[in-house]
Amino acid sequence: MFQVSLQGAVHVVNGKFPLNTEYVAEARSACEPLFGKGQPRIVLQLSDIPFLDSQGLELLLELRDRCARSGGAIHLAAPNKLCSDILHATGLADDFAIFDELHAAVGSFAQ
């Protein structure tokens, strides 16, 4: 299950399942309510996400694009080594602000 919490004006999305074909629809559903209400500020906490596949990577790009169209942004926080390696190997690490800690990712919106 993917959960959304609010830290100040930033929505934090986290979960314990992989962002893969099996769970990407659930992650998308958790994020859907974050759009349509001004400029979305989203942090996807990856510390407990064990793996990303092509469907998960496409979801990240979809969320990034939707945020940008609304004048907002999505940042990634605390990816584990495998997720970090996948983001770098696919070149997507260059498309996102990635932070080692959740606190830093949330705080980056205040700057």
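All values reported here derive from a predicted model rather than from experimental measurement.

**Focus: the packing of aromatic side chains**
Next up, step 1: Taken as a whole and judged by the stated rule, the model has 1 aromatic pair.
Next up, step 2: Sitting above the plane of the phenylalanine 35 ring, arginine 66 keeps its charged end 4.1 Å from the centroid.

**Some details on unusual backbone geometry**
Next up, step 1: Even without a glycine there, the phi angle at alanine 78 is positive, about 55 degrees.
Next up, step 2: Tracing the backbone shows alanine 78 in the loop between strand E4 (73-77) and helix H3 (81-89).
Next up, step 3: Take alanine 78: its relative accessible area is 16%, and that puts it in the buried class.

**Section: the environment of leucine 82**
Next up, step 1: As for its placement among the helices and strands, leucine 82 is situated in helix H3.
Next up, step 2: Once residues within four sequence positions are removed from consideration, leucine 82 is found in contact with Pro50 and Phe51.

How each quantity is defined
- Residues numbered from 1 in each chain as written.
- Predicted model: local features only at pLDDT ≥ 70, side-chain atom pairs only at ≥ 80, totals over all residues.
- Heavy atoms only, no water.
- Phe/Tyr/Trp six-rings, centres within 6.5 Å; stacked < 30°, edge-to-face > 60°.
- Lys NZ or Arg CZ within 6 Å of the ring centre and 35° of its normal.
- Helix = DSSP H or I, 4+ residues; strand = E, 2+ residues; numbered from the N terminus.
- Buried < 20%, exposed > 50% of the residue type's maximum accessible area, 1.4 Å probe, protein only.
- Contact = heavy atoms within 4.5 Å.

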